[in-house]
Amino acid sequence: MEAEAHLTAVRFPVWTLVICASAVLIFNSPELRTLLIYDRAAITHGELWRLVTGNLVHLSNTHLAYDLVAFLIAGTIIEIRCYRFFPTLCLSAAILIGIILYGVEPGMYFYAGLSGVVTAAITYLCLHGLTEKGMWRWLCAAMLAGVIAKIGIELMLDQSFLLSVGTEEFVPVPLSHLIGTVTAILLFLMSLSASLEHPKNAL
Amino acid sequence: MKRTNGFLLIAFLVFLPIIALIGGCATGTTKHATSVVDYLFPDTKEPVVTPGIPVLTLPLRVGIAFVPSDSTKGGRGSQFRGGFPPFHGGALALTEKRKADLMQEVANHFKKYSFVKEIEIVPSAYLKPGGSFANLDQIRTMYGVDIIALLSYDQVQFTDQGKLSLTYWTIVGAYVIPGEKNDTHTMIDAVVYDITSRKMLFRAPGMSHIKGSATLVNLSEELRADSDKGFSDAAKEMIVNLDDQLAHFKEKVKERPAEYKVVRTPGYTGGGTGGGSIDPISLMLLVGFGGYFFWKQKRI
């Protein structure tokens, strides 16, 4: 009954649109891009916001388009279905991606792109889908399996599927996708345990 | 009595010039310098080299070398003014071994970057004074490097006497009282060139200023130590600046693709710029996934 109520009461995907609009704004402003991109040297000199804002910067039209379309789909579904902690998910994934890349990728001067956060959103969506019934549940299970398999292959081959089709000027970073997935799983487990302790706060 | 006075007078007349001499030795300026401009553009009559568009093939093969000093030209190399040369550390500011050590420090720092395949340390003997780009082409052939970081330096040492130098009149003071005040100013400059296109990619300086003191007797030893520390400190600062300039250069390469061309060697997956991007296959699956959701929702 509650699930049906979620489906019928269509919510406006505020956070998704705010994040997408920010990414478009930043992409169209070279000054903002320079100010917000993950720049290792600048971060070392104290510009710590770049650890987070680097996720909103994109390096080409294709890069922006792919990430935004994926984020729009995943984010809109999450917000329409009223899954909790979506802003927390986006922020924590962005922070963890920035910090971990800074720690383990000393050779990477710049990083840009929303795909880590997108992967977190897809994983979070699929995990919530597993708690529902019908065809949607199986679709989410298949999607989740696909995401995990893709990340595994990317990490094993140390390259992205993007390489086989793209001619981008940057090197894809599969690690950011792994961090996004792990963040989503952790947040989902936390929200699950919270809802078990307080059944009124359903997922 | 008269004999005693006579002896004192003679002693005074003998020691006065000696004291004056060693006192005079202790003030002066020493300068050691090499210049990238003198090395690359030795003949001003020749037309200025017009750089082309650099093609940076990743991963990069980089050479690093100190430009040789051209003492025959007069203006550079080693100079000293005032004082007595043996007290001023001699004409060699940097020995070959010290140069190799400094270059190794720079090389070790940049080896960690995945876009650098190898760094070759080129001994000064392979660079001819005023050798210009023809000499760099030879280096390129010999070492197989595409890019070279040319290091030059400029070190000036000033020595002045403080009030404590009055104790030199006691002779013992010259051995135990640090009456000499030394100032050592050092600059090391790295200029990175793409050899084929003759284009300067970026440069980064490193500077240091060391103040010290010494007794008259160990002045030259102290000056050598200050000189060595000056080069070490300047090299450390230069490495930090090189990091910054490299980051800015990478940004410039992205912003001005018409001025710099980047080519990746097949199989090369490393690099300084990472991008988090969704691949087309995942995107298509997600579009289908979202399509199903919205179709289902519309039906409800």
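Rules used in this analysis
- Residues numbered from 1 in each chain as written.
- Chains lettered and ligands numbered in written order.
- Predicted model: local features only at pLDDT ≥ 70, side-chain atom pairs only at ≥ 80, totals over all residues.
- Heavy atoms only, no water.
- Salt bridge = Lys/Arg side-chain N within 4 Å of Asp/Glu carboxyl O.
- Buried < 20%, exposed > 50% of the residue type's maximum accessible area, 1.4 Å probe, protein only.
- Core = buried A, V, L, I, M, F, W, Y, C linked by side-chain atoms within 4.5 Å.
- Helix = DSSP H or I, 4+ residues; strand = E, 2+ residues; numbered from the N terminus.
- Contact = heavy atoms within 4.5 Å.
- Expected span 1.5 Å × (residues − 1).

Glancing now at the pattern of salt bridges. Residues and elements named next belong to chain A. All told, the structure shown has 11 salt bridges over all chains when counted by the stated rule. A salt bridge links Arg50 to Glu47, with the nearest nitrogen and oxygen atoms 2.6 Å apart. Given a relative accessible area of 6%, Arg50 falls into the buried group. According to the relative accessible area criterion, Glu47 is partly exposed, its value standing at 26%.

What follows is about the nonpolar core. Of all hydrophobic cores here, the largest spans 54 residues; its most connected members are Phe71, Val117, Ile122, Tyr124 and Trp136 of chain A together with Phe289 of chain B. Among the elements of the structure, helix H2 (14–27), helix H6 (61–80), helix H7 (86–104), helix H8 (115–129), helix H9 (135–157) and helix H10 (174–197) of chain A together with helix H7 (280–299) of chain B are those that each provide at least two residues to this core. If we ignore the near neighbours within four places in the chain, the residues touching Tyr124 of chain A are Ile78, Tyr83, Arg84, Phe85, Leu89, Ala184, Leu187, Phe188 and Ser191 of chain A. Counting residues in hydrophobic clusters, the runner-up holds 44 residues, among them Ile37 of chain A together with Leu56, Phe202 and Phe249 of chain B.

On to unusual backbone geometry. One non-glycine residue, Cys82 of chain A, lies in positive phi territory at about 60°. Assignment of secondary structure puts Cys82 of chain A in the loop between H6 and H7. Even without being glycine, Ser132 of chain B reaches a positive phi, approximately 55°. By relative accessible area, which is 17% here, Ser132 of chain B ends up buried.

Attention shifts here to helix H3 (residues 96–110) of chain B. Note: α-helices contain 3.6 residues per turn, so residues at a spacing of three or four share the same orientation. The first and last C-alpha atoms of H3 of chain B sit 21 Å apart over 15 residues, in line with the 21 Å expected at 1.5 Å per residue. Residues of H3 of chain B that are buried make contact with strand E3 (60–66), strand E5 (116–121), strand E6 (147–161), strand E7 (180–194) and helix H6 (219–255) of chain B.

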